[in-house]
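# Close look at the chain arrangement
Now for the letters of each chain:
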Amino acid sequence: MHRITRRMAIKSIASAAIAVSIPTPFVAAAESPVIWQGLHVLLRGDDNLAILRKQLPALSAIGVNVLIVEVGYSFDFKSHPKLRDDLSITRDAAAALKSDCRKHDIRLIPEFNCVGHQSWEGTTFPLLKQFPQFDETPGKFPKNKDIYCRSWCPLHPEVNPVVFALIDELIDGFGADAFHVGMDEVFLVASEFCPRCRGKDPAEVFAKAVNDLHKHLSARHVEMLMWGDRLLDSKTTGYSKWEASDNGTAGAIDNIPREIIVCDWHYGKRDDYPTIPLFLKKGFRVWPAAFKEEAATAALIEAEKRHRSDRMLGHLSTTWGECPIDKLVDWPALRLAAKKS
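Here we summarise the structure given alongside this text. (Residues numbered from 1 in each chain as written. Predicted model: local features only at pLDDT ≥ 70, side-chain atom pairs only at ≥ 80, totals over all residues. Heavy atoms only, no water.)

The secondary structure content of the chain amounts to 9 helices and 11 strands. Taking the principal axes of its C-alpha atoms as reference, the chain extends roughly 50 × 45 × 35 Å. Within the chain, the proportion of its 341 residues that are buried is 58%. Accessible area for the chain stands at about 13,900 Å²; split by element, carbon and sulfur atoms hold 52% of it. Charged side chains in the chain number 44 positive and 44 negative. The centres of these two groups are separated by 1 Å. (Helix = DSSP H or I, 4+ residues; strand = E, 2+ residues; numbered from the N terminus. Buried < 20%, exposed > 50% of the residue type's maximum accessible area, 1.4 Å probe, protein only. Areas by Shrake-Rupley, 256 points an atom, 1.4 Å probe, with all protein chains shown as cover. Lys, Arg positive; Asp, Glu negative; His and termini not counted. Charge placed at Lys NZ, Arg CZ, Asp CG, Glu CD.)

What follows is the structure in structure tokens.
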């Protein structure tokens with residue numbers, strides 16, 4: 001994931017195939033003094049998880065109370081065993097992490113990247129290797145050359161049952177009451193190479209994917225989080241194509257449920273971050289996220305304070321594998337966030 005460089009109202013639905021569910025009316029969260037001091041980490045295998053467990057007391061001591069673990073395919077899936085990575089997390093290890101998090105008053109939220117990020121460099125991830133028919137660009141871009149990351153097709157009639165089964169296993173394995181669906185940096189959407197998506201509105205296709213996921217998670221009484229960049233228009237916000245969309249998905253912002261928590265990530269220093277009030281005005285709960293640059297982290301936190309409300313949740317620190325798991329408590333940007341938030 002390109003983390004360092006890391007939406008126009010919806011028009012009428014073009015076809016029944018892309019029809020989206022009507023967003024549930026937004027109900028503002030009750031005002032609470034609790035600030036979400038979050039940490040996002042990549043988690044691969046039981047050994048990795050065991051190291052993370054040892055860090056929980058120190059992380060809790062500096063104020064971390066929400067932990068997002070991006071697991072992806074690194075889980076001992078039973079519904080589709082061929083979709084496991086070589087380094088997989090067992091159910092016993094996931095349950096142990098949940099138990100330890102509960103002891104330290106840390107909310108544990110698993111993450112699985114949905115739609116986009118189905119490859120990295122020359123490696124295609126298990127879903128599209130085992131189900132190549134789900135690919136948004138089937139048969140194109142051999143060895144992933146000339147693309148950033150592959151995507152699955154949100155309109156393929158068989159993709160959701162497979163993905164939902166994986167999500168359910170992660171929810172059950174980690175005992176989760178919230179789930180992060182990723183969905184950042186989705187560049188391949190409504191592709192000319194897709195027999196189902198060709199000619200469709202990218203915003204409608206993207207909104208369908210969001211709403212399908214939200215409907216499934218809501219049925220399980222699980223809160224949904226997602227990255228916010230594809231809901232932003234790069235031209236009107238002034239952000240790059242990484243932090244905002246220049247491929248037509250931004251209109252989805254007006255046709256997805258307002259109870260989704262939007263993680264508004266920005267990794268560079270700015271005088272202001274206009275997307276925070278934008279998401280708040282649209283009715284979302286917002287959880288801004290920073291990366292490793294301390295000056296940028298401090299600037300984002302000041303913006304969070306200027307827009308403090310019952311729907312501005314707090315601050316999320318991300319590491320993207322650049323900080324060893326046994327050194328998380330010493331991550332400078334996290335310690336700065338813990339002090340300033």
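Moving on to the pattern of salt bridges. Taken as a whole and judged by the stated rule, the model has 18 salt bridges. The salt bridge involving glutamate 223 is made with arginine 285; its shortest N-O contact spans 2.6 Å. With glutamate 223 in strand β7 (residues 223-227) and arginine 285 in strand β9 (residues 285-286), this pair connects stretches of sequence that are 62 residues apart. Connected through shared salt-bridge partners, Arg107, Asp177, Glu223 and Arg285 make up one network. (Salt bridge = Lys/Arg side-chain N within 4 Å of Asp/Glu carboxyl O.)

Counting buried positions over the 5 residues of strand β3 (residues 107-111) gives 4, a clear majority of the element. Summarising the sheet, strand β2 (residues 66-70) and β3 pair through 5 bridges and their orientation is parallel. Counted as the bridge partner of isoleucine 68 is isoleucine 109 from β3. Where the polypeptide runs from β2 across helix α2 (residues 91-103) and back to β3, its parallel neighbour, the crossover connection is right-handed. (Pairing = 2+ DSSP bridges. Right-handed = clockwise from strand over helix to strand, strands pointing away.)

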